[in-house]
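Structural description and commentary
Here are the chains, one letter per residue:
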Amino acid sequence: MEALDRAAGAGRSVRSGPPQRLAVTALDSFDWRVWRNGGRLFVEESRGRATLRWFPRNAGAPYAVSVTATPARGADLPSGFLRERLAGALEVRALLPLGRGRLIRTPVELLDADGACVERVFFELWEPLDERARAVAATASWRLDHPGGPLTGIVKRVAAPKSETVEPLALLTAARGRTPGDYSSKPRIRLHPGEPAATALRRILGHMVEVVERNVPGVIADLDPEFLHDLRVAVRRTRSLLGQVRGVFPERRLAPLVRELRWLGSITGPCRDLDIFLLDLGSYRSILPEETAAGLEEIVQLAVHDRRLAQRRLARSLATRRFAAAMERWRSLAAAEDDTGTSGPRALRPIRRVGGERILRAHRRLLRHGLGLADDPPAQALHRLRIDAKKLRYLLELFADLYPRKPLNRLIGELKTLQDLLGEHNDVAVQKQRLAGLAGRLEEADAAAVTFVAIGRIEEVLERRGEELRHGFAKRFERFASGESRRAYARLFGGAG
Amino acid sequence: MKTVGIWTIKGGVGKTAAAVNVAHAAALSGVRTLLVDLDPQGAASFYLRIPARLKGGARSLLRRGGDLGALVRPTEFDNLAILPADFSYRHLDLELERRKKPGRRLADRLATLSERFDLVLLDCAPSVSLVSEAVLRASDALLVPVIPSTLSMRTLDQVRSFVASQTRRQPLLLPFLSMVDRRKRLHRETTGACLADSSFLRTTIPFASVVERMGLTRAPVAATLPSQPAAKAFAALWHEIRERLGV
Ligand SMILES: Nc1ncnc2c1ncn2[C@@H]1O[C@H](COP(=O)(O)OP(=O)(O)O)[C@@H](O)[C@H]1O
Ligand SMILES: [Mg+2]
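Residues numbered from 1 in each chain as written. Chains lettered and ligands numbered in written order. Predicted model: local features only at pLDDT ≥ 70, side-chain atom pairs only at ≥ 80, totals over all residues. Heavy atoms only, no water.

**What to know about the overall build of chain A**
Helices and strands together make up the secondary structure of chain A, namely 16 helices and eight strands. Charge-centre separation for chain A: the mean point of 84 positive side chains lies 6 Å from the mean point of 62 negative side chains. (Helix = DSSP H or I, 4+ residues; strand = E, 2+ residues; numbered from the N terminus. Lys, Arg positive; Asp, Glu negative; His and termini not counted. Charge placed at Lys NZ, Arg CZ, Asp CG, Glu CD.)

**Brief notes about the packing of aromatic side chains**
Centre-to-centre distance and the angle between the planes together describe a pair of aromatic rings. Enumeration over the complete set of coordinates arrives at 14 aromatic pairs over all chains. Considering the side-chain rings of Y489 of chain A and F493 of chain A, the 5.7 Å spacing of their centres and the 45° angle between planes classify their relative orientation as tilted. Taken together, the residues Y489 of chain A and F493 of chain A, both in helix 16 (residues 483-494) and four residues apart, mark about one turn of the helix. One aromatic cluster is present, built from ring pairs that chain together Y403, F473, F477, F480, Y489 and F493 of chain A. Looking at R57 of chain A, its charged tip hangs above the ring of W35 of chain A, at a distance of 3.8 Å from the centre. Cation over ring: R218 of chain B sits above F46 of chain B, and NZ or CZ is 3.9 Å from the ring centre. (Phe/Tyr/Trp six-rings, centres within 6.5 Å; stacked < 30°, edge-to-face > 60°. Lys NZ or Arg CZ within 6 Å of the ring centre and 35° of its normal.)

**Details of the pattern of salt bridges**
Side chains carrying opposite charge are able to pair once their charged atoms draw close together. Residues and elements named next belong to chain B. Throughout the structure, instances matching the rule amount to 52 salt bridges over all chains. Linking D118 and R32 is a salt bridge whose minimum nitrogen-to-oxygen distance equals 2.9 Å. With a gap of 86 residues between them, D118 in the loop between helix 5 (102-111) and strand 5 (119-123) and R32 in the loop between helix 1 (15-28) and strand 2 (33-37) connect regions that are remote in the sequence. One salt bridge connects D140 with R169, and the closest N-O pair in it is separated by 3.2 Å. One end of the pair, D140, is in the loop between helix 6 (130-138) and strand 6 (141-146); the other, R169, is in the loop between helix 7 (150-165) and strand 7 (172-180), with 29 residues separating them in the sequence. (Salt bridge = Lys/Arg side-chain N within 4 Å of Asp/Glu carboxyl O.)

**Things to note about the side chain of T25 of chain A**
Residue and element names in this part refer to chain A. Of note, T25 is situated in strand 2 (residues 20-28). With a relative accessible area of 8%, T25 lands in the buried category. A polar contact is formed between the side chain of T25 and the side chain of R100, at a distance of 3.1 Å. For T25, the contacting residues outside a window of four places in its chain are L41, F42, V43, E45, P97, G99 and R100. (Buried < 20%, exposed > 50% of the residue type's maximum accessible area, 1.4 Å probe, protein only. Polar contact = N/O pair within 3.5 Å; in protein donor to acceptor, adjacent residues only side chain to side chain. Contact = heavy atoms within 4.5 Å.)

**Side note on the side chain of K15 of chain B**
All names here are of chain B. Structurally, the position occupied by K15 is in helix 1. Although K15 is buried, it makes no salt bridge; D123 carries the closest opposite charge, 6.2 Å away. Setting aside its immediate chain neighbours within four residues, K15 contacts I6, W7, T8, K10, D123, C124, P126 and P145.

**Side note on the nonpolar core**
The biggest cluster of nonpolar side chains holds 112 residues, and the ones touching the most others in it are W330, F399 and F493 of chain A. For this core, the domains that each give at least three residues are domain 1 (2-174) and domain 2 (197-493) of chain A. Setting aside its immediate chain neighbours within four residues, F493 of chain A contacts G356, I359, L360, L396, Y403, L408 and L411 of chain A. One finds A44, I50, V210 and A230 of chain B within the second-largest nonpolar core, a separate group that totals 42 residues. (Core = buried A, V, L, I, M, F, W, Y, C linked by side-chain atoms within 4.5 Å. Domains from an automatic or database assignment.)

Function-wise, these values are silent; they only describe arrangement.
Here is the structure:
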């Protein structure tokens, strides 16, 4: 401090304020949506009072607001800047304590001759705590919010000439084995066009099994619906990939894994369907007239009850030996040494060619199934088409690195427009079915009349929406199946053949 | 971003006291607040312990294209920043006059900060001038301190007609009773008369030595003595303003 004071120059002085002792918790979603949104969020507690503090990732003054409870999701954030900034990005993801620690923060001020504060920086001592609340070595750092100020310069010169800037979020989360940005629900696997198909697929498999493993604890603890969502997507993509790319792995190793993936799909389905149903029920609240909306309550209660059961059953399945064995099988196929001798005939072909072939095949199949359909096609046909489209989409995204970005993105965009319609149509059908099932049970339980009015209204809305979608089908498909688009597929994926 | 001007024709009625304490209350409630000290004497800056100097002075405040955000200074309070006063503001009028569309210049400059702040409070010197026109033009609401006396009520009428004489969008007028001394009979009587006027904010700010002492503590009342009635009154005043503004 004296050294800083001496460096301040004539007429100025450096003074430190009273240190603040705080218990801090770093909050973010499992996939770092706060951090990706340009900031870091901490709960700072001292003498029974809690402050939620946001530090922008680029320098700048933090934002703070006092809270009575730690927010568990975006909607719990106090209204104002933070909620506006983060609730949309967090969606349904939970805000989790990804790190904890102790902090001693001391303000240090540069004062002018009149005692006014020219600049303020903070000296901070961070002591991360690991999962068992044991202290990890403390790190001292200067928080310099405003680069370019005179005090910032003095600190850099005198007190911390070669100190690295400490990223408190990284510091706290490292004590629990996490690194900001270490998980994304949209992973990218870098493939190389000439890579043998077997190695490329193994890397994809390895990545997918890791996604599943990382999400299992969150699914079991039921932290938020996205854990299950991500887990299911990884399972489905893998299954779809292995089902479509034959002749790379030996069949005797592949078949049992595919069977187990199907099992994983079936055990995770019920809970996920109820998650979607509950999310959608929320949106019906706004379309129902106020008197009728009250009728939703019984439906929600029943669905919440069902979901609780489904979640418990799922958690039990994930703790079984069968699950552990399935994961082991998955991992070992991903890790297998180069077993060229025992692998399939396509194992050594370059992934770009194998990928292109599979994409073209999936594309042809989707066209064949879709082109025969007139406007207002039967629901069954749309269902099949939805699956076809999904398979094609997985392939396009998995192999994205192997083809020119721009035209590929155009094709993905076109496909997505078609998928949006097919997907919504499917949701409508699933919701109708579920409502009908719930209505039966509610009848037996002598539910209030208003509940059935609500169900009737929602069914009407779903019916109309389903029709609308079926009538819009031909036009959407036409765009997808246009000559130009077909030529683009042939150009992009056929060239290597 | 909402902008609230604190202005009246009279001096010494508690404008700066209200500016600093309301700004602090707003920041405490989680609103990103900027206090703009337009008074060349820089009392608001002084209370917040910020040097009353602005790099480039009145010119950089008004010059179009200059980065106003870079002149903003954080205070020692969370969510509260200040655009400090500068002695050159004694010529703010002339500086405005030299420019094109002087009436809206201040409003335009403040608009560049709309991403960073939810609330801007403008504390200014008492006068009827181009500066006051610019403040009115920039403000969504105008906070007018009124000391309970017959003369002050007349002043409020003058403020009203001045605001009404502005052809542009007129700010919402929010008069409130300031420096109310319950021991004075005149204050008690006039208070009743004022509050009969529904445009008055319901909160009254008491005459309190803790407010006077801000010159010594150099901090908003609530920062040093949060349980004092005056501190609570400023917080209540802020919540009323917030409601009327719909922040
Ligand atoms: N509520 C109050 N109680 C006691 N003194 C006050 C109060 N409000 C302001 N003062 C004092 O009155 C004087 C003028 O107040 P100030 O806020 O600077 O008025 P203005 O900005 O309108 O000129 C200052 O000395 C200030 O300390
Ligand atoms: Mg003043």
